[in-house]
Amino acid sequence: MAGQVRRGRSRTAPLVAALGVSALALTACGGGDSETSGGAAGGAGSFDFLVNTENATVPAMLETLSQAECKTADDAAPLKIETVPQKQLDQKLQLLAGQNALPEQFAAGSSPALTKQLAENGHVVDFEKALTDLGKLDKVQPAAIATIESLYGGFNALPYEYNVEGIWYNKKIFADNGIAVPTTWDELVAASEKLQAAGVQPFAASGEQGWPITRMISGYLFRSLGPDAMDEVAAGEAKLTDPEYVAAAQAVADLGAKGWFGQGVGSIDYDTAMAQFLGGETGMMYMGSWALGNFTDPEQNQIGVENVGFMPFPAVAGGKGSIDQLPSNVGLPMTMSEKAYDENAGAWLGCIADNYGSALLEEKQSISGFVADSDAPVDDLTKMVQDKIASTDETVLWFEAHFPTKATDTSQTNAAPLVSGTLSAQEFMELVQTDLDAR
Amino acid sequence: MNDILGDRKAIAVLLGPALLVYSVAMLLPVLWSLGYTLFSGNAIIGFTYVGADNFVKLANDPAVRQALWFTVKYAAVVTVGQILLGYLLALLYVFVLKNGSSVIRTLVFFPVVLPTVAVALLFQKMFQIAPQEGLVNSLLGAVGIGAVDWFGTAGTSFAVIVLMDLWRSMGFYAVLLYTGLLDIPEELLEAGRLDGATGLTLIWRIVLPLSLPVLLSSLIFSINGTLKVFDTIVALTGGGPGNATTPLTLYMYQTSFNYGEYGYGSTIALLLTVLCLLVTVFVFRSSRRDLTEA
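Keep in mind that what you see is a predicted model, and the values were worked out from it rather than measured.

1. A short note on the interface of chain A and chain B
In this complex, chain A contributes 34 residues to the contact, which on the side of chain B involves 32 residues. Among the secondary structure elements, those contributing two or more residues to the side of chain A that touches chain B are α1 (2-40), α5 (86-98), α6 (112-120), α18 (405-413) and α19 (415-420) of chain A. Here the side of chain A that touches chain B is built from residues that sort into 12 nonpolar, 19 polar and three charged.

2. With respect to the domain arrangement of chain B
Partitioning chain B into domains gives domain 1 (2-36) and domain 2 (61-293). For domain 1 of chain B and domain 2 of chain B, the distance between their C-alpha centres works out to 35 Å.

3. Let's talk about the packing of helix α5 (residues 102-113) of chain B against helix α8 (residues 154-182) of chain B
Residue and element names in this part refer to chain B. Relative to each other, α5 and α8 sit at 125°, their axes nearing to 6 Å. Taken together, the axis directions place α5 and α8 in an arrangement best described as oblique. For the pair α5 and α8, the sense of crossing is left-handed. Contacts from Arg 105, Val 108, Phe 109, Phe 110, Pro 111 and Val 112 in α5 reach Trp 167, Arg 168, Ser 169, Met 170, Gly 171, Phe 172, Ala 174 and Val 175 in α8. Of the residues contributing to the contact of α5 with α8, the split by class is 10 nonpolar, two polar and two charged.

4. Details of the domain arrangement of chain A
Residue and element names in this part refer to chain A. Assigned domains within chain A: domain 1 (43-157 + 331-368) and domain 2 (163-329 + 395-437). Placing the centre of domain 1 and that of domain 2 at their C-alpha centroids yields a distance of 29 Å. Counting from both sides, the interface comprises 15 residues of domain 1 and, opposite them, 15 residues of domain 2. Elements supplying a minimum of two residues to the side of domain 1 that touches domain 2: α6 and α8 (142-152).

5. Remarks on the pairing of strand β2 (residues 46-49) of chain B
Residue and element names in this part refer to chain B. Of the pairings in the sheet, the one linking strand β1 (residues 39-42) to β2 comprises four bridges and is antiparallel in character. Paired with Asn 42 across the bridge in β2 is Gly 46. Following β1, the chain reverses through three residues before pairing antiparallel with β2.

6. Notes on the environment of A:Asn329
Residue and element names in this part refer to chain A. When you line up the elements, Asn 329 lands in strand β8 (residues 326-329). Overall, the presence of 26 C-beta atoms within 10 Å leaves Asn 329 in the buried class. As a C-alpha pair, Asn 329 and Asp 435 span 106 residues in sequence and 24 Å in three-dimensional space. Setting aside residues no more than four positions away along its own chain, Asn 329 makes contact with Thr 147, Asn 163, Gly 288, Leu 397 and Trp 398.

What counts, and where the lines are drawn
- Residues numbered from 1 in each chain as written.
- Chains lettered and ligands numbered in written order.
- Predicted model: local features only at pLDDT ≥ 70, side-chain atom pairs only at ≥ 80, totals over all residues.
- Contact = placed C-beta atoms within 7 Å.
- Helix = DSSP H or I, 4+ residues; strand = E, 2+ residues; numbered from the N terminus.
- Nonpolar A, V, L, I, M, F, W, Y, C, P; charged D, E, K, R; others polar.
- Domains from an automatic or database assignment.
- Axes fitted to C-alpha atoms, helices over the stretch in contact; angles between N-to-C directions.
- Parallel < 35°, antiparallel > 145°, perpendicular 65-115°, else oblique.
- Left-handed = near helix turned anticlockwise from the far one by under 90°.
- Pairing = 2+ DSSP bridges.
- Buried ≥ 20, exposed ≤ 12 C-beta atoms within 10 Å, placed from the backbone.

And the structure:
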């Protein structure tokens, strides 16, 4: 009897054990699934928004709107903000997309290539259709839509910003040292020499981010080789290792070799560079007009908004490009998840399209790609940028605009070594071109 | 008892569930990842079969060579440093401080319990040059040498990483080797002393041979840990400047998750696995020889 019982047990026990383990495994999967669908469906009716930590403006503005104009949308689906450092954004988006768990709204990838990839695989809302359905396509400026389409291959991102880029300078420091606003590269170099001699660091730049430096390379290229310089590289008609391209990297490296970006440029992050310029420690800074929010904030801006000037990237002697071709962009734009797009997300989108442009202009004196119906007075600096945007016929993009993620990363992480002299201009361009060739 | 262990079904019952969980949680992902080496793509765009393309790419990728060289260099330097400093500390505990070593032991062990990221931030601030000069640069300035951009060049970044890792982990190896040294019978040392062995001779002839087994296990611990280094470097330098301090692990992570190339990332992971395996086999082999000689 005892033997029978034992045999009986030994026959059923593996079965029971196997069932138990399968049940465990299934519960684990089930948990994952419900979480995933919860994320995709918007965390039980909320309007989830994943944004890069560096961007403080959009979350703050949306929170303001959620308590005023967008209160109805917020009541139906409360705004829930989650932040991630920009360096980790692409990776997070890829993982979330792989699990179909992208939140309702999220910051598009650091390189347009990723957003394109997401869009091609049905993860991103087609805003042309969504806004047409809502009857609000006219709430977005056509110029902003054109920029987005040229970058992303479709209207796949929202222009929470619409920027022009160039060099911002400290008017007071320039006046004190008798420096006229440079219009050519040689004048820029001469001005920097003067500043350095006067004990003022010429440029503030975040080597940790890298792009403020690489955009000076593309700025030089657009002036020396013309507005198609980077398109030709993307199309494979030219290589970054061609001598005329290396010359641009060399020109920027030369600025670094003279110590004009300050010491330890690789350790300077975005906020520190901004604080250096707004604290009057440096004469110039390459930046986009999204920084108007920082410039008009008296707490950050120690030099006074009246002392901030803007100069287009200077011309290069004998170059094909014109000083009037300003780099323009829509910042690191936000986009929305196709899979999480529902009536509540639509209500938010409609409200944002209606109100964001005006609210941003009134509160932050900043310019977005949404139409602003506001009559509120704007300060001179904002007005100047508005006029610049309106009067610019031809725009250019930036160094990494057409690069895949890996080449973007290589370019931006090697920018600091380039200007600190541990990497030559030739080596820098070779590294980036290797990644472009690997496509 | 023999009855139960002789019964195949009983063995299956006892081992089956654990084996199943192990297979699902460990073996399956490992094999899955191995399978990825033959594919390109990622979770967004799906996967396509590419045969041996990833391996060809691996052989021709200068970034892999750079990362492999850095990994080997780092593992060699840090392993030697960890074991050497750990052993010296252990000798200090046993032969100099003797019973009064507990306070020093605790102090030296303390960094081991600190979170890696906290230690990395501490070192980052200590060695920084901008926006403010850190402690080290201030001291260098005070003695008239002038500030150094520690994270600006490959060599100095490597030095800071090594210094940090040694400071962080030598306490652990010191305790590990200390327990090994305690196992050496006092009579043997006494006998050695009676025969006239003192100081270095005693250590070289008696202590070192008798602590070889624990030294070897420390070596295996250390080299496998250092070959797979990830968190300390990500937190301290992020692999920079450029990719000068990027080990294979970080390059694998970036390739898979930042650049969205799961297949190629898995191929790099395979290279790392083979490297760890080779080193471990090598250490085991040489340890067997040494033990038979002893």
